[in-house]
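Now for the letters of each chain:
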Amino acid sequence: MLKSIAKLFRINDWWNYIFPPIIGIVFFLQFLVLNDFNSFIVILALFSASIIGTASYGFFLNDITDSNSDQQVGKRNFTHKIPILYKWFLLISTLIIGIIPWFFLPFSAFAIALYVLQLILLTAYSAPPLRFKQNIYTCIISDALYSSVIPLLISIFIFSKNLIFSNILLIGLIVLAIIFLLRGIRNILLHQIKDINKDSLSEIKTLVMHLGTKKTTLFISNFILPFEIVLTLTFVIIISFVNIYFIILIPAYAIYIAVKTYEIRKSNIKNEKTNPFQLHNDFYEDLLPLFFIIMLSILDWHYLFVLGSYFILFRNKILALIILFIYKIVYRKAILWVYYHPVLWLYYKGLRNKYVRKYIG
């Protein structure tokens, strides 16, 4: 049942990519303002429910409108065999799940306006007559806005209640919004590179098809990604003036990227040319949420429950890397070394030598 729901709403395509970056910023804002823990958990649950409903609505609507074209080009689409009335029921249900939490979330006219804009963009992206996805430019901009920038801005307006915005913090958040815009553009371009063969068989014309894979790759590697990394470092430096401990993010990320790059090269798992470009996503999807929830847990032990829930609900590459490191170092290098060297040596030398065997067999 759960697997069918996950496939139908393509949860695996967005759960670990849309959620964690936004949750990371929510943890960051909560660290700054420190609202009541119980109130924070309730608001976070409502906000998360809205994200789930909204993302499901967007992906399901996209699959419904692409059903025929996907079938023609052999692209996976689980909505094709669903009866039309059931499609409408599911579509409206996801929309209701996304909207209902807003009746209980802290009121913010700007947040509501942004959410309405997000729904408009999600609908216009897929549904005729607009179908932004058929235009090589509106496709890129609308996707980057509704998947990255708008959720970021909504989270800021909702979770910054009682927060005093200093000039330095305001500049940091503006830089962060630009970073998320670049991240959104980079991700949709990488997605188009991946799907270029299937898109070429359908009616959809993408920017990658217009520019070509080589030019798009050069654009990402020479402009978007370097600019994104520079702005990310700028953001961390700026917020370190708010709290000096935030500067730890720079060496932590540098060490993680170095280790991850080494693991990739050592294991020879570069199956896609776009892998190196996606590595920076780990900053948003893994390091940011993990860092800030740990910071919150240090301030208040109650957040350890949030930390545990986060590990259960979301895939975290840093945690996986730590577990792999422990396995390799502690188990394979330490425990097995102790077993195969001193323990076995003592066994054979002490208990299996000819003098002992003469008496105990």
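How each quantity is defined
Residues numbered from 1 in each chain as written. Predicted model: local features only at pLDDT ≥ 70, side-chain atom pairs only at ≥ 80, totals over all residues. Heavy atoms only, no water. Helix = DSSP H or I, 4+ residues; strand = E, 2+ residues; numbered from the N terminus. Buried < 20%, exposed > 50% of the residue type's maximum accessible area, 1.4 Å probe, protein only. Areas by Shrake-Rupley, 256 points an atom, 1.4 Å probe, with all protein chains shown as cover. Core = buried A, V, L, I, M, F, W, Y, C linked by side-chain atoms within 4.5 Å. Contact = heavy atoms within 4.5 Å. Patch = residues over 30% accessible without salt bridge, like charges linked within 9 Å, V, L, I, M, F, W, Y side chains within 5 Å. Salt bridge = Lys/Arg side-chain N within 4 Å of Asp/Glu carboxyl O. Lys, Arg positive; Asp, Glu negative; His and termini not counted. Charge placed at Lys NZ, Arg CZ, Asp CG, Glu CD. pLDDT = per-residue confidence, 0-100. Expected span 1.5 Å × (residues − 1). Bend = angle between axes of the 7 residues up to and from the residue. Axes fitted to C-alpha atoms, helices over the stretch in contact; angles between N-to-C directions. Parallel < 35°, antiparallel > 145°, perpendicular 65-115°, else oblique. Left-handed = near helix turned anticlockwise from the far one by under 90°. Nonpolar A, V, L, I, M, F, W, Y, C, P; charged D, E, K, R; others polar. Phe/Tyr/Trp six-rings, centres within 6.5 Å; stacked < 30°, edge-to-face > 60°. Lys NZ or Arg CZ within 6 Å of the ring centre and 35° of its normal.

*Asks:* I tried to follow the overall build of the protein chain on my own but got confused; where do I start?
*Replies:* Helices and strands together make up the secondary structure of the protein chain, namely 17 helices and zero strands. The 361 residues of the protein chain split such that 46% are buried. Carbon and sulfur atoms make up 70% of the accessible area of the protein chain, which totals about 20,000 Å².

*Asks:* Would you mind going over the nonpolar core with me for this structure?
*Replies:* A general trend in soluble globular proteins is that nonpolar side chains are found buried together. Residues Phe-27, Phe-47 and Phe-292 are the most contacted members of the largest nonpolar core, which totals 98 residues. When residues no more than four places from it in sequence are discounted, the contact partners of Phe-47 are Ile-22, Val-26, Leu-105, Pro-151, Ile-154, Ser-155, Ile-158 and Phe-159.

*Asks:* Just checking my understanding: could you explain a positive patch on the surface for this structure?
*Replies:* Together, Lys-7, Arg-76, Lys-194 and Lys-198 line one region of the surface with positive charge. Here Lys-194 is to be found in helix H8 (residues 167–194).

*Asks:* Mind showing me how you'd approach the confidence of the model for the protein chain here?
*Replies:* For any part of a model where pLDDT is low, the fine detail of the predicted coordinates should not be relied upon. In this model, the protein chain carries an average pLDDT of 84, and 83% of its residues clear a pLDDT of 70 or more. Here helix H17 (residues 354–360) is the element of the protein chain with the lowest mean pLDDT, 51, and helix H6 (residues 109–126) is the one with the highest, 96. Here residues 269–274 is a poorly scored stretch, pLDDT under 50, and it has nine contacts once near neighbours within four places are set aside; other chains count.

*Asks:* In this structure, what is going on with helix H14 (residues 281–299)? I would like to understand it.
*Replies:* An α-helical turn contains 3.6 residues, so any two residues separated by three or four positions project in the same direction. Taking 1.5 Å per residue, 19 residues should reach 27 Å; H14 reaches 27 Å between its end C-alpha atoms and fits that length. At Leu-287, H14 shows its maximal bend, which comes to roughly 35°, and the proline Pro-289 appears one to four places after that position. Of all 19 residues in H14, 16 are buried, a share of seventy percent or more.

*Asks:* I keep staring at unusual backbone geometry and nothing clicks. Help me out?
*Replies:* Comment: phi is negative for the bulk of residues other than glycine, and the bulk of peptide bonds are trans. Following Pro-128, the chain continues into Pro-129 via a peptide bond in cis, with omega recorded as 10°. Structurally, Pro-129 can be placed in the loop between H6 and helix H7 (136–159). For Arg-10, which is not a glycine, the phi torsion comes out positive at approximately 50°. By secondary structure assignment, the location of Arg-10 is in the loop between helix H1 (2–8) and helix H2 (11–33). A positive phi angle is found at Leu-34, which is not glycine, with a value near 50°. Assignment of secondary structure puts Leu-34 in the loop between H2 and helix H3 (37–65).

*Asks:* For this particular structure, what's the right way to read the pattern of salt bridges?
*Replies:* Should the charged atoms of two oppositely charged side chains come close, the side chains can pair. The full count for this structure, using the stated rule, is six salt bridges. Measuring nitrogen to oxygen at the nearest pair gives 2.7 Å for the salt bridge that ties Arg-10 to Asp-63. With Arg-10 in the loop between H1 and H2 and Asp-63 in helix H3, this pair connects stretches of sequence that are 53 residues apart. Across the pair, Asp-63 and Arg-10 agree in class, each one buried. Members of the salt-bridge network, linked through shared partners, are Arg-10, Asp-13 and Asp-63.

*Asks:* Just to check I follow, could you spell out the side chain of Ser-148 for this structure?
*Replies:* Tracing the backbone through its elements, the reader meets Ser-148 in helix H7. Using a relative accessible area of 2% as the deciding quantity, one classes Ser-148 as buried. With sequence-adjacent residues up to four places away left out, Ser-148 is seen in contact with Ile-22, Asp-143, Phe-180, Arg-183 and Gly-184.

*Asks:* Which parts of the structure should I look at to understand the packing of H2 against H3?
*Replies:* Geometry of a packed helix pair, given as the angle between the helix axes and the separation of the axes. Following both chains from N to C, one finds H2 and H3 inclined at 150°, their axes separated by 11 Å at the closest point. It follows that H2 is roughly antiparallel to H3 by the angle criterion. As H2 runs across H3, the sense of the crossing is right-handed. Facing H2, whose interface residues are Asp-13, Trp-14, Trp-15, Ile-18, Phe-19, Ile-22, Ile-23, Val-26, Phe-27 and Gln-30, H3 presents Phe-40, Leu-44, Phe-47, Ser-48, Ile-51, Ile-52, Ala-55, Ser-56 and Phe-59.

*Asks:* Would you mind showing me how to read the packing of H8 against H14 here?
*Replies:* At a minimum axis distance of 10 Å, the contact between H8 and H14 shows a crossing angle of 120°. Of the residues in H14, those touching H8 at Ile-179, Phe-180, Arg-183, Arg-186 and Asn-187 are Asn-281, Tyr-284 and Glu-285. In terms of residue class, the contact of H8 with H14 is made up of three nonpolar, two polar and three charged.

*Asks:* Help me out: how do you make sense of the packing of aromatic side chains in this one?
*Replies:* Each aromatic ring pair is specified by the distance between its two centres and by the angle formed by the two planes. A full pass over the atoms with the stated rule returns 29 aromatic pairs. For the pair Phe-31 and Phe-246, a centre-to-centre distance of 5.5 Å together with 55° between the ring planes defines the contact as tilted. With Phe-31 in helix H2 and Phe-246 in the loop between helix H11 (213–240) and helix H12 (249–267), the pair connects residues that are 215 residues apart, well separated along the chain. Here the two residues Phe-31 and Phe-246 agree in accessibility, since each one is buried. A ring pair is formed by Phe-180 and Tyr-284, whose centres lie 5.8 Å apart and whose planes are at 70°; its orientation type is edge-to-face. Of the two residues, Phe-180 sits in helix H8 while Tyr-284 sits in helix H14, which places them 104 residues apart along the sequence. A single burial state applies to Phe-180 and to Tyr-284, both of which are buried. Ring-pair connections join several aromatic residues into one group, and the members of that group are Trp-14, Trp-15, Phe-19, Phe-59, Tyr-310, Phe-311 and Phe-314. Between the NZ or CZ atom of Arg-183 and the centre of the ring of Phe-180, over which it lies, the distance is 5.7 Å.

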